[in-house]
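Fold and contact review
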Amino acid sequence: MFNGIQYFPVADLGVSQIFLNEDKLTNIRSWFNPSDLSNFDPLPVHDFGNDSLTLTDGHSRAFLAYTMGVNMVPIVYDLDDIVTSATGQMLYKNDIVWCERFKIHSVSDLKNRIISNSLYHDLWIGRCDKAYNLLMQTTELQREKWQSMYSDLYLYGASEDLSLLFFEDKQGSSFTIPIVKR
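The notes below deal with the structure included here.

Here's the deal with the layout of surface pockets
Where empty space is left in the structure can be found by rolling a water-sized probe over the atoms. Its boundaries defined by the atoms lining it, the largest pocket holds a volume of some 470 Å³. Around the largest pocket, the lining comprises 24 residues; the ones closest to its centre are Gln17, Thr56, Tyr92, Tyr120 and Trp124. Take the lining of the largest pocket: its biggest share by element is seven residues, from helix H5 (residues 117-137). Along the lines of polarity and charge, the residues of the lining of the largest pocket split into 10 nonpolar, nine polar and five charged.

Pasting the structure below:
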């Protein structure tokens, strides 16, 4: 943890999302000047125990800074409740696992993961909602049991009413499986 604003190599920042929104990138390009970071708000980062400072937001700005040749970006340590609470910690650590599964270790790895706004809402926001449902409404023991039933797939979410589980294979193809209640 650190106080205030520091400058840090953008290429060394960890990530906590697996897609970028094309519309956000277009918007940021309209004002971003890589030679003048005066209107570039510090990127929020947190240490989740994975030996790196991980972006909790600002992935699009970090990606554009990286692609436009900016080496050092301003960062600030994120102490927001959504990040530091037990729920936030669980959700962000889950996001980091997703990044590892898809071999996304830094913003440079997001270059082929830029998608339209509607796909972003379906594939990223929807995924986060499903993960929230799974992590907040089930126990670790339940999740382990379901995961063991489909060991060749990865359990990543559940419907809000817990009637469906969402799995994916190694390539990221999704599978919806109804929960059998006894």
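What about the sheet that holds strand E8 (residues 164-168)?
Strands sit in the order E7-E8-E9 across an open sheet of three strands; the sheet is antiparallel. On the outer flanks of this sheet lie strand E7 (154-158) and strand E9 (174-178), each paired with one strand and no other. Across this sheet, the average inter-strand angle for adjacent strands is 30 degrees, counted without regard to direction. In terms of strand pairing, E8 meets E9 through five bridges, oriented antiparallel. Its bridge partner lying in E9, Phe166 is registered against Thr176. Here helix H4 (residues 86-101) sits on the sheet in contact with E7 and E8, set at roughly 140 degrees to E7. Each of E7 and E8 touches H5; the most contacted strand, E7, lies at about 90 degrees to it.

Definitions and cut-offs
- Residues numbered from 1 in each chain as written.
- Predicted model: local features only at pLDDT ≥ 70, side-chain atom pairs only at ≥ 80, totals over all residues.
- Heavy atoms only, no water.
- 1 Å grid on protein atoms, 1.4 Å probe; cavity = no way out; pocket = protein on both sides within 12 Å on 5 of 7 lines; lining within 4 Å.
- Points joined across faces, edges and corners; volume = space filled by probe spheres on them.
- Helix = DSSP H or I, 4+ residues; strand = E, 2+ residues; numbered from the N terminus.
- Nonpolar A, V, L, I, M, F, W, Y, C, P; charged D, E, K, R; others polar.
- Pairing = 2+ DSSP bridges.
- Axes fitted to C-alpha atoms, helices over the stretch in contact; angles between N-to-C directions.
- Contact = heavy atoms within 4.5 Å.

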